[in-house]
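# Architecture and fold: a report
The primary structure of each chain is shown beneath.
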Amino acid sequence: MEPLLPGRGLIVSLIFFLLKFSTAIEIPPSVQQVPTIIKQSKVQVAFPFDDYFQIECEAKGNPEPTFSWTKDGNPFYFTDHRIITSNNSGTFRIPNEGHISHFQGKYRCFASNKLGIAMSEEIEFIVPSVPKFPKEKIDPLEVEEGDPIVLPCNPPKGLPPLHIYWMNIELEHIEQDERVYMSQKGDLYFANVEEKDSRNDYCCFAAFPRLRTIVQKMPMKLTVNSLKHANDSSSSTEIGSKANSIKQRKPKLLLPPTESGSESSITILKGETLLLECFAEGLPTPQVDWNKIGGDLPKGRETKENYGKTLKIENVSYQDKGNYRCTASNFLGTATHDFHVIVEEPPRWTKKPQSAVYSTGSNGILLCEAEGEPQPTIKWRVNGSPIDNHPFAGDVVFPREISFTNLQPNHTAVYQCEASNVHGTILANANIDVVDVRPLIQTEDGENYATVVGYSAFLHCEFFASPEAVVSWQKVEEVKPLEGRQYHIYENGTLQINRTTEEDAGSYSCWVENAIGKTAVTANLDIRNATKLRVSPKNPRIPKLHMLELHCESKCDSHLKNSLKLSWSKDGEAFEINGTEDGRIIIDGANLTISNVTLEDQGIYCCSAHTALDSAADITQVTVLDVPDPPENLHLSERQNRSVRLTWEAGADHNSNISEYIVEFEGNKEEPGRWEELTRVQGKKTTVILPLAPFVSYQFRVIAVNEVGRSQPSQPSDHHETPPAAPDRNPQNIRVQASQPKEMIIKWEPLKSMEQNGPGLEYRVTWKPQGAPVEWEEETVTNHTLRVMTPAVYAPYDVKVQAINQLGSGPDPQSVTLYSGEDYPDTAPVIHGVDVINSTLVKVTWSTIPKDRVHGRLKGYQINWWKTKSLLDGRTHPKEVNILRFSGQRNSGMVPSLDAFSEFHLTVLAYNSKGAGPESEPYIFQTPEGVPEQPTFLKVIKVDKDTATLSWGLPKKLNGNLTGYLLQYQIINDTYEIGELNDINITTPSKPSWHLSNLSATTKYKFYLRACTSQGCGKPITEESSTLGEGKYAGLYDDISTQGWFIGLMCAIALLTLVLLTVCFVKRNRGGKYSVKEKEDLHPDPEIQSVKDETFGEYSDSDEKPLKGSLRSLNRDMQPTESADSLVEYGEGDHGLFSEDGSFIGAYAGSKEKGSVESNGSSTATFPLRA
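Attention here is on the structure that accompanies the text. (Residues numbered from 1 in each chain as written. Predicted model: local features only at pLDDT ≥ 70, side-chain atom pairs only at ≥ 80, totals over all residues. Heavy atoms only, no water.)

## Topic: the overall build of the protein chain
The number of helices and strands found in the protein chain is five helices and 85 strands. Look at the contacts in the protein chain between residues 6 or more apart in sequence, and 66% of them connect residues 24 or more apart. When the accessible surface of the protein chain is split by element, carbon and sulfur atoms take 49% of a total near 61100 Å². (Helix = DSSP H or I, 4+ residues; strand = E, 2+ residues; numbered from the N terminus. Contact = heavy atoms within 4.5 Å. Areas by Shrake-Rupley, 256 points an atom, 1.4 Å probe, with all protein chains shown as cover.)

## Points about the sheet that holds strand 71 (residues 830-838)
Reading across from one edge, 71-72-75 is the order of the three strands in this open sheet, with antiparallel pairing throughout. Edge positions in the open sheet fall to strand 71 and strand 75 (892-895), since each of these has one partner strand only. Averaged over all adjacent pairs, the angle separating strand axes in this sheet is 20°, with direction ignored. Across seven bridges, the pairing between strand 71 and strand 72 (residues 841-847) is antiparallel. Across the sheet, Val830 pairs through a bridge with Ser847, a residue of strand 72. (Pairing = 2+ DSSP bridges. Axes fitted to C-alpha atoms, helices over the stretch in contact; angles between N-to-C directions.)

## Examining the packing of aromatic side chains
Counting across every chain of the model gives 28 aromatic pairs. Taking the centre distance of 6.0 Å and the plane angle of 35° together, the rings of Phe76 and Phe92 count as tilted. Here the residue Phe76 occupies a position in strand 6 (residues 74-76), and Phe92 occupies one in strand 8 (residues 92-95), the gap between them amounting to 16 residues. Among the residues examined, Phe76 registers a relative accessible area of 15% and is labelled buried. By way of ring pairs, the aromatic residues Trp69, Phe76, Phe78, Phe92 and Tyr107 are connected into one cluster. Sitting over the face of the ring of Tyr52, Arg93 holds its NZ or CZ atom 4.1 Å from the ring centroid. (Phe/Tyr/Trp six-rings, centres within 6.5 Å; stacked < 30°, edge-to-face > 60°. Buried < 20%, exposed > 50% of the residue type's maximum accessible area, 1.4 Å probe, protein only. Lys NZ or Arg CZ within 6 Å of the ring centre and 35° of its normal.)

## Side note on the state of the cysteines
Tallied over the entire structure, the rule returns seven disulfides. At a sulfur-sulfur separation of 1.9 Å, the disulfide partner of Cys153 is Cys204. With the S-S bond torsion at -70°, the cross-link from Cys153 to Cys204 turns out left-handed. Pair noted here: Cys153 is in the loop between strand 13 (149-151) and strand 14 (163-167) and Cys204 is in strand 17 (residues 199-208), with a separation of 51 residues, a long-range link. As far as burial versus exposure is concerned, Cys153 and Cys204 are alike and both buried. Here Cys278 engages in a disulfide with Cys326; their sulfurs sit 1.8 Å apart. Here Cys278 is found in the loop between strand 22 (274-277) and strand 23 (279-283), whereas its partner Cys326 is found in strand 27 (residues 322-330), with 48 residues between them in sequence. We classify Cys278 as buried; its relative accessible area is 0%. Cys326 gets classed as buried once you look at its relative accessible area, which sits at 0%. (Disulfide = S-S within 2.5 Å.)

## Here we look at the pattern of salt bridges
Here the structure, examined in full by the defined rule, presents 47 salt bridges. Taking the shortest distance from any N to any O, the salt bridge between Asp320 and Arg301 comes out at 2.9 Å. Taken together, the residues span a long stretch of sequence, with Asp320 in the loop between strand 26 (310-313) and strand 27 and Arg301 in the loop between strand 24 (287-292) and strand 25 (302-305) at a distance of 19 residues. The exposure class assigned to Asp320 is buried, which follows from its relative accessible area of 3%. A relative accessible area of 25% means that Arg301 is categorised as partly exposed. (Salt bridge = Lys/Arg side-chain N within 4 Å of Asp/Glu carboxyl O.)

## Some remarks on the side chain of Glu743
Among the secondary structure elements, Glu743 is positioned in strand 64 (residues 743-749). If we skip the residues at most four places from it in the chain, Glu743 touches Arg787, Val788, Met789, Thr790, Ser820 and Gly821.

Structural data, given as structure tokens:
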């Protein structure tokens, strides 16, 4: 099936079928017919390097044709035993053996059977001879300087083309120029010789490329006698002048030669290249020019070569005929020659006789017309012989046509038409077959076709019939022939179904009928779904240098998937299969990826799908965005003292509208070359009035902005200078820098260069005590700081700062209040008391100091404290001062993170911006006992089937006198159920171990151990372990030291047993088969609830999580913990430990006090949430 493709495919298919209908009817081989030559040689050259030479002639016919040959018009028989022939073929070979020159000639092939004789065109067989220059003695040539001369080449004849070169014996080309020229025949011309032309090795080389042969003429010697040696007694100047006057002459043509006269004729064939050459001798060397008499040289096809000596016109037409003139000239005169160009043409067919099939009794006509220059003559032949010798009854013969009437079967023959003129002969065979036969359908029966919905389908039914036949089509299941605009039957029997639908699928019958009979074949048509495409994204807009990704989604009929091929193109040009070599464009089937997109990537991208039956395409318009081009042609107008109008032209926006323009200026004297933004303008405007400052030399530039980004800045505008003026503003941010007592160092922000408005900028500073009835003091400075001495410490002053320059003062300044320098506070607060809140927290109260003793702005109070000794062991501690500050005016504060059961010293002082005042007298206080920390470790050192021995370490901090331990344990087998909690009070604090008995065998336990003081018990430390099985390892660890000689053996067994136990219980010991979280969820710390209630508790154990069940309190014998401390009054000074509501927000880190003794290890203290 050849489906109809859309667009171009439709046109191609229609042309194909129309051509098929218009060509001569092809007679099936089974039908008797005259011979037809289907292959023949043209010109055959016997190249010496070929093994054989084949002259071809092939023909078809029924009966099988026989072959004969003529050579130069005479019969040619294959009598030479070297000739090799082929069966059922006219082709023969001539081996390249011995002499074959006698085979040269013009051959013609005749193919004949009982119905007629076909005749080939003439086949020329050329046996070239080996070209050679004749052996000759060439006499040396001697001429005087300035004379003309011609060195003849006279190349031998040979198979064209011929290329001629003039070289020396070293194979170096003889240089040609305006003075020296080689003609088309190969002769070397000199318009006037020079002394440098003397040499004895002028060699002419003739090259015959088709023969792969180059031959050389014998070298020629040329001697040029210089005129300056003619008279040795004369000076060179005299000789030169004399030579010039003697040798100078007007041009004389050497080509064409003088004997041809002033004009000559040249015949050229149409379509060939015309070469006219003209060369003149003379001194100075003549220049050659060309023109066409009565017309112009053909533009585009004419060139002048070889320094104008050759006129070349390519592809000559009849319009090129006429007279051409060459003119050679120098300052002494001219010489001309006219070429009369005649354009002729070999014969060519205008109406070539066509073969035809006729039925008995019909009429016909053969046309034969040819053109050429001169006009060709027409000759008719029948079966290879002149028609006059073998006329048929009813034939009417004219020079350009033959008409037939009432044709009969014996009228079957081959007619030859031969057109010839002086430039060649052309021959055409036309078969006249008179046949009567029932239709023969040449298309196979049961052919399967397929097409796509909406496309046209073509079902073939090629046939041969004589007389003419009628073709009809119908669906197999229907009797009525197909009719309507949807169907079209071509002359060759092909059925076209337009705009097919699924209902058109099925089997069809083709019937062909003539007067002799009728024949039919069937054809099957399948209808497929059309291929569909969708390219995404649609019409993307992508910034330059980004990545573009296009996807081509396709959908086609399942029968066509194997033939589906996708391809990509841009603006009609296809991409390579895999993209570009540099990898920037990658094509992976349905995906097209372009990295680093450039503006050249913008365009229409098309994805095309091709299947065996149809094609589809979809496009997307890719728009590449880029920053705009810089604005251009900046122009300043409307120039004023404080403004100017700036106008510009917009650059290309690169597919993204310009949203705004940024106008920048340069003119800051302090930072020359630095561009600053002045204003912004909406993207639709290209002009703006710019506000300007005085005393600035401005230059402007503009930057365009779109959605992609900013353009490069434009070229700067012209300069625009504004005149000076008084300042428009005064300094800002007037302040006092840290000063010594009774002084003010006044500082302010100086005016920037663009704010000074003129030369000679200074600052006028005025001040007076606030509220005092005194005159303002004044001082003018050039910098932006002033030191003023005052009689009082930390006294308020009214201060003004005004800018002035050479053109005047700035506006009246606003007054600001500043204070003179501070001094340290000179008195200390008095501590009223220290209230102990609990073992780690105390509240300190004190009296505030008078305002006049602060000598500045009070910032707050500072508490210093240090531990002097432990009440547990009585040991003294080196002084390590801790500091806590409280901002603002207050008389109390909380001191946390104290060690329990210890003695402390504490002082309070006030501080201001200058620094800290004197400390109060130390206040001594003691902290009570607290609960201990958890023991440092807990280990199960022995285990048996019903006993276990535990060992532990003392807590790091006892926080009081240790009264004993609370040991608790419970069963925690690997289930959600847990056993009852058992308590053991250990009242011997010095004993670091305990032996438990009456445990259950093969049972896992969790143990809890707490250290206790009179204030209660601390946080527990936990451990888990399992008892041994019944009777398996009973007594393994029981008093091993009493086993005597058996101890060594028992140790070995014990080690092996430990390994086995480790393997067996690896998932039942700590970190075993359940995860930490699962274990915590299963066996939580029963103390967790009480720990939650302790405000300052900081202990956290990953083993302690809430139970998935209820436990009785582990605190039933424990005293309640101390109440939570209120932190509302804790320090809130520089370190910001607490938020405004007093909640703790970070670990306290105090600074060293100035007076602390650093040599004894004084350091900053850090307190946890709970001691």
